[in-house]
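Overview (structure and organization)
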Amino acid sequence: MNAVGAHAAWQHPRLAAQVIRPRRDGRAEIALRVEDLADPRRVLRLDERLHALPGVVRVAIDARAQRVRIVWNPERLALPQLLDAFGAEGCSARPLRREHIDDARSGEANDALKRLLVAGMCAMQVMTYAFVMYIGVVDFVDFTTRGLFRWLSLLTTAPVVAYSAQPFLAGAWRELRTRRLGVNLTVSLAVLLTFGASLWSTLRGRGEIYFDSVSMFVVLLLAARHVELRARHASGALGEAAQDATPLLAERRRADGSLETVPALELLPGDRVRVAEGGTVPADGVLESEAVDVDEALLSGESRPCRRQRGERLVAGAVVLGSPAELRVEHSGEDTTAARLGRLAGRARPARPGDDAADREATRFVVRVLVLTALTALAWLWLDRARAFDAAVAVLVVACPCAFALTRPAALTRALGVLAGRGVLVTEAATLDILARVDYALFDKTGTLTTPWLDADAVEPLRDGLAPREALRLAAALARESTHPLAVALAAAWPGDTPVVHALKIIASAGIAGEVAGRALRLGRPDFALAPSGRVAPTGTAGTLLLADLDGPLAAFHLSEAPRAEAAATLEALRGDGIVTVLASGDTRGRVAPVAGALGIARWAGRQSPTDKLALLKAARAQGHVTLAVGDGSNDAPALAGADVSAALASGTDLAQAHAGLLLARGRLDGLLEARRVARQLARVVAQGRRWSLAYNLLAVPFAAAGLVPPWLAAIGMSASSLVVVLNGLRVGRAPVAPVLRA
């Protein structure tokens, strides 16, 4: 069938191979990101339209994650026609890489649900058998019948221990191998000891059995973890939807030398690609331009920039520093070095340790529980040997730190999901802990607090015979090679084509230099632009972008800028929350002062280099402040990396985003207020959960140690406590958290 519509490019075999996974039955499978799925009626119509297509076998629509998975016969329906069907329904669909087809969340959720259902059904049956035996205490059911029900209880509880409790047992084994005591160890000890004692009593035909306690204990624990798992998966779906909203694009050179923006998936070996300064290399390739510095920290862990010469290889994922780079593609998509490292990281991620501080705290808690259990057993062995086991197991179960350990993961999972849904992506979990304590915020000006633009009449020629349009054309040629907000604004003012720039060099906080039609030009601050000529800046050009050649100034560009619509309210709210707001800009004091005044910023500084901004942060930290840096440009990267916590706008460079703990995906500063509010709610909820856990243990452990709490009641109490803190954690991001669950 012939491909039609606007998606014919996906007919390319190489491109289709990166998004389609062949199946053994001859069919194909694909995952797509689809927007505009909020309306249930549209989802229903889309499902009906897709099922009506020839060759479509199965359609799975996840509206929360904005993803659709389709299995179909590619011989009956081409991929472009499949994509056209989405367009006909008013939904834009973008194919995702093949690794997105496998839904790890679905497999994990199904596995957890199966274990919970098995444990639940077995527990109900065991409780039925236990009821008969409890009645026997009063109605004297004969010993043969009681023995039968003991064995039935054993056989029914065995799947609970061997299958449903397997995650706890496997976790305990990992903790022992890594010599890191955790919650799984205490749970596994309680399950195995109680089941082992019941098994021994069943084999002997006398003694107490606790099969009902074991099964109930596992069911309630699995229920609490299932609630936490659902919240984590919901957060993951929101996070993936936000992450997919900004596709990975590349700037590819056409045959005539002009640039076209294409999905990185379309890159083929031999393509020539341009990477802007501060941009991420989209594919493995060979550098064809002059030497550049690249940051490969995300790939190699090396914090210092690497110098790459013409002819050397650049790897996908590296960040270009300084001047833009031109490379010839060798490997793209699944074949890149970054993709291979990503697959290795994905395999290693399940074994990655959690938060070190939380782990250490949980380990200390577990040690105390084990010591308390041993002391209880020793005391009862001296007082009444027959009651020692029951009392020790009750203490072990009651004091199990499940509620303590589940508090932070449940609340953090909810917080990350809420923020992702509101356009704030958190790259490091510790960011929210620090953000709740921030009391000093350093902001960049241009592009962060303000939006620049260039009016048509704001071009001032400074040389006879040079028309304003010609000056703008030459300046735009240089400006289009930079991602600085002022350069972007200047380039946007020129709608036509621009000449090719050679020998390009970009100096942070200064300007751009290059050759245009054999003519050496500079665009930027007046002192930078006029340095080769040794000329003095003309009167009235301070604070402008100046274009100059070797003979002196050519033109001045008087850019205007205004604060972002939400900037004043955001800064006022931060100050009202006790945060000191500081403005540090590389611009002149004359241009910084009006912006600071309009936004109510009392502390500000102009002509600040990246080193100067970093020094301000270091001075603030030396005074005891917890610092936040907000920026969007490559020159902000040192400050973003040097602050306790940092935030970058989605419109910023890849380098700025790589050093930020928060990404404001919607490009609005008020996302900081939302992140701050959720961070403080998270801190309160975690504190509430831990106070609840401590109060519960202080209340219940003495009764358990005194032998007044049977194991089955201990299991109910501990599991209910875990469920309470998980449900409380899910309140993060809803209404303001009230001080509940206090000790």
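Predicted, not measured: the structure shown is a model, and the values here were computed from it.

Reading guide: rules and limits
- Residues numbered from 1 in each chain as written.
- Predicted model: local features only at pLDDT ≥ 70, side-chain atom pairs only at ≥ 80, totals over all residues.
- Heavy atoms only, no water.
- Helix = DSSP H or I, 4+ residues; strand = E, 2+ residues; numbered from the N terminus.
- Buried < 20%, exposed > 50% of the residue type's maximum accessible area, 1.4 Å probe, protein only.
- Contact = heavy atoms within 4.5 Å.
- Areas by Shrake-Rupley, 256 points an atom, 1.4 Å probe, with all protein chains shown as cover.
- Core = buried A, V, L, I, M, F, W, Y, C linked by side-chain atoms within 4.5 Å.
- Pairing = 2+ DSSP bridges.
- Axes fitted to C-alpha atoms, helices over the stretch in contact; angles between N-to-C directions.
- Patch = residues over 30% accessible without salt bridge, like charges linked within 9 Å, V, L, I, M, F, W, Y side chains within 5 Å.
- Salt bridge = Lys/Arg side-chain N within 4 Å of Asp/Glu carboxyl O.
- pLDDT = per-residue confidence, 0-100.
- Expected span 1.5 Å × (residues − 1).
- Parallel < 35°, antiparallel > 145°, perpendicular 65-115°, else oblique.
- Left-handed = near helix turned anticlockwise from the far one by under 90°.
- Nonpolar A, V, L, I, M, F, W, Y, C, P; charged D, E, K, R; others polar.

1. Let's talk about the overall build of the protein
A tally of helices and strands in the protein yields 24 helices and 29 strands. In the protein, buried positions account for 48% of the 743 residues. At a minimum sequence separation of 6, the contacts of the protein that also span at least 24 residues come to 67%. Carbon and sulfur atoms provide 58% of the accessible area of the protein, an area that totals close to 33,900 Å².

2. Focus: the nonpolar core
Soluble, globular proteins show a tendency: their nonpolar side chains are buried together. L432 and L449 are the most contacted members of the largest nonpolar core, which has 41 residues in total. By size, the runner-up hydrophobic cluster in this structure holds 31 residues, among which are V459, L490, V501 and I512.

3. A short note on the pairing of strand 2 (residues 28-34)
Burial runs high along strand 2: 7 of the 7 residues are buried. Neither face of strand 2 is left uncovered, since the one carrying A28, I30, L32 and V34 and the one carrying E29, A31 and R33 both have all their residues buried. Bridge count for strand 1 (residues 20-22) against strand 2 is 3 bridges, and the pairing is antiparallel. Within the sheet, the bridge partner assigned to P22 lies in strand 2 and is A28.

4. A few points about the sheet that holds strand 10 (residues 292-295)
Taken together, 3 strands build an open sheet; the order of strands is 11-10-13 and the sheet is antiparallel. Among the strands making up the open sheet, the edge pair consists of strand 11 (306-308) and strand 13 (319-321). Across the sheet, the mean angle from the axis of one strand to that of its neighbour is 40°, orientation sign disregarded. Sheet topology note: the strand 10/strand 11 ladder contains 3 bridges and is antiparallel. For D293, the partnering residue across the bridge sits in strand 11 and is R307.

5. Some words on a nonpolar patch on the surface
A cluster of nonpolar side chains, L113, L117, M121 and M124, forms an exposed patch at the surface whose accessible area comes to about 410 Å². As for its position among the elements, M121 is in helix 4 (residues 104-139).

6. With respect to the confidence of the model for the protein
Residues shown with low pLDDT carry predicted positions that ought not to be read at fine detail. In the predicted model, the protein carries a mean pLDDT of 78, and 77% of its residues have values of at least 70. pLDDT under 50 marks residues 238-248. Its contacts with residues more than four places away, or in other chains, come to 22 contacts. This model gives residues 341-356 a pLDDT under 50, and the stretch forms 5 contacts once residues within four places in sequence are excluded.

7. Observations regarding helix 20 (residues 610-622)
An α-helical turn contains 3.6 residues, so a residue and the one three or four places further along point in the same direction. In a regular helix each residue adds 1.5 Å, so 13 residues correspond to 18 Å; helix 20 covers 19 Å between its end C-alpha atoms and thus fits that length. Looking at the buried residues of helix 20, the elements they touch are strand 16 (440-443), strand 25 (580-584), strand 27 (627-631) and helix 21 (637-642). Phi turns positive, to about 95°, at G624, one or two residues after helix 20.

8. Quick word on the packing of helix 2 (residues 40-52) against helix 3 (residues 79-88)
One way to put it is that helix 2 packs onto helix 3 with a least axis distance of 10 Å and a crossing angle of 150°. Judged on the interaxial angle alone, helix 3 and helix 2 are roughly antiparallel. You can see that helix 2 and helix 3 cross each other, and the crossing is right-handed. Residues L46, R49 and L50 of helix 2 touch helix 3, and the partners they reach there are L82, A85, F86 and A88. Residue classes in the contact of helix 2 with helix 3 are distributed as 6 nonpolar, no polar and 1 charged.

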